[in-house]
Amino acid sequence: MKTINPNDDRPRGQVGIGTLIIFIAMVLVAAVAAGVLVNTSGLLQSKAEDTGSDAQAQVSNQIDVVSATGSVSGSSVDEVVLVVKKSPGSDPIDLADATIEYTSDADSLTLTEGSGFSVSAVTGTGMSAGETVLDDNGERAKLTVSLSGPPAPLSEGEGATLEIVDQSGASTVYGVNVPDVITTQSYVEV
C-alpha cells in the first residue's frame, strides 16, 4: 500500500482543477454546437417542406387541353380557341393568373389574360359567366388567343407552340398546327 508523503512538492490538486476547467469548456462548446445544429435542422426542414409543396403543385397542377380550334380568315388562322380543364388531383387553377408563352416562326411572346388572350366559361360545365377559376374536373373554360397582330396570323401549314403556365408554375405545352390546305371552312381543328 502506498502512503502519501506530506513533503511531496508535486501539484496534484492543480492538475485536477485544470482538467475540470477544460472538461467544462468542451461541454459548453458541445452545447453551443448542438444548439446551432438543432436550429439549422429546423430551418432546413421548413425549407424542404416548402420546396416539396411547390414541387408537388408544379407536378400535380396540370391543365388538360380538351380541344383546339382556329378561326379562319382567308387562308390563315387569326384566332385560336383552346377548351381546357384541370387535370385530376390538381388544386384550383386561376386562369386569370396564367400566362401563355407563344412561340412561332414569326413571334415569341408572353401573353397574359386581357393582353393577348381571354378566358371565358363553357356553359353547361359548372362554371358561371365571368369565372376564371377551374375548381372541379367537370368545369371547362375557353382560352381565346387573338392572332391579329402580335402574334401574327398563322398561314396554311404553319404552326406554333402554346405553353400555358398557371399560378403555381406548372406548365402545359400544346402544339398548334394549321392544316396545309384551308378551303371554305370558318373553323379548323388545330
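See the structure above.
If you're wondering where the values come from, they're calculated on a predicted model, not measured in any experiment. (Residues numbered from 1 in each chain as written. Predicted model: local features only at pLDDT ≥ 70, side-chain atom pairs only at ≥ 80, totals over all residues. Heavy atoms only, no water.)

## Side note on a nonpolar patch on the surface
Consideration 1: Together, Leu20, Ile22, Phe23, Ile24, Met26, Val27 and Leu28 make up a nonpolar patch on the protein surface, roughly 710 Å² of accessible area in all.
Consideration 2: Structurally, the position occupied by isoleucine 22 is in helix H1 (residues 12-60).
Consideration 3: We classify isoleucine 22 as exposed; its relative accessible area is 54%. (Patch = residues over 30% accessible without salt bridge, like charges linked within 9 Å, V, L, I, M, F, W, Y side chains within 5 Å. Areas by Shrake-Rupley, 256 points an atom, 1.4 Å probe, with all protein chains shown as cover. Salt bridge = Lys/Arg side-chain N within 4 Å of Asp/Glu carboxyl O. Helix = DSSP H or I, 4+ residues; strand = E, 2+ residues; numbered from the N terminus. Buried < 20%, exposed > 50% of the residue type's maximum accessible area, 1.4 Å probe, protein only.)

## Looking at the pairing of strand S1 (residues 63-73)
Consideration 1: In terms of strand pairing, S1 meets strand S2 (residues 76-86) through ten bridges, oriented antiparallel. The residue bridging aspartate 64 from the neighbouring strand is lysine 85, located in S2.
Consideration 2: A loop of two residues connects S1 with S2, the two strands running antiparallel in sequence, and glycine 74 in this loop sits at a positive phi of about 70°.
Consideration 3: Here S1 pairs with strand S12 (residues 187-189) via three bridges, running antiparallel. When the bridges of S12 are listed, threonine 69 appears paired with glutamate 189. (Pairing = 2+ DSSP bridges.)

## Focus: the side chain of serine 71
Consideration 1: Topologically, serine 71 is positioned in strand S1.
Consideration 2: A residue is classified by how much of its surface remains accessible, and serine 71, at 16% relative accessible area, is buried.
Consideration 3: Those residues in contact with serine 71 that lie beyond four places of it in its chain are Ser76, Val77, Asp78, Glu79, Ser186 and Tyr187. (Contact = heavy atoms within 4.5 Å.)

## Things to note about the nonpolar core
Most often, soluble globular proteins keep nonpolar side chains buried together rather than apart.
Consideration 1: Of all hydrophobic cores here, the largest spans 30 residues; its most connected members are Val80, Leu82, Val84, Leu95, Ile100 and Leu143.
Consideration 2: At four residues, the largest contribution of residues to this core is made by S2.
Consideration 3: Beyond its immediate stretch of four places on either side in the chain, leucine 82 contacts Val65, Ser67, Ala68, Ala141, Lys142, Leu143, Leu162, Ile164 and Tyr174. (Core = buried A, V, L, I, M, F, W, Y, C linked by side-chain atoms within 4.5 Å.)

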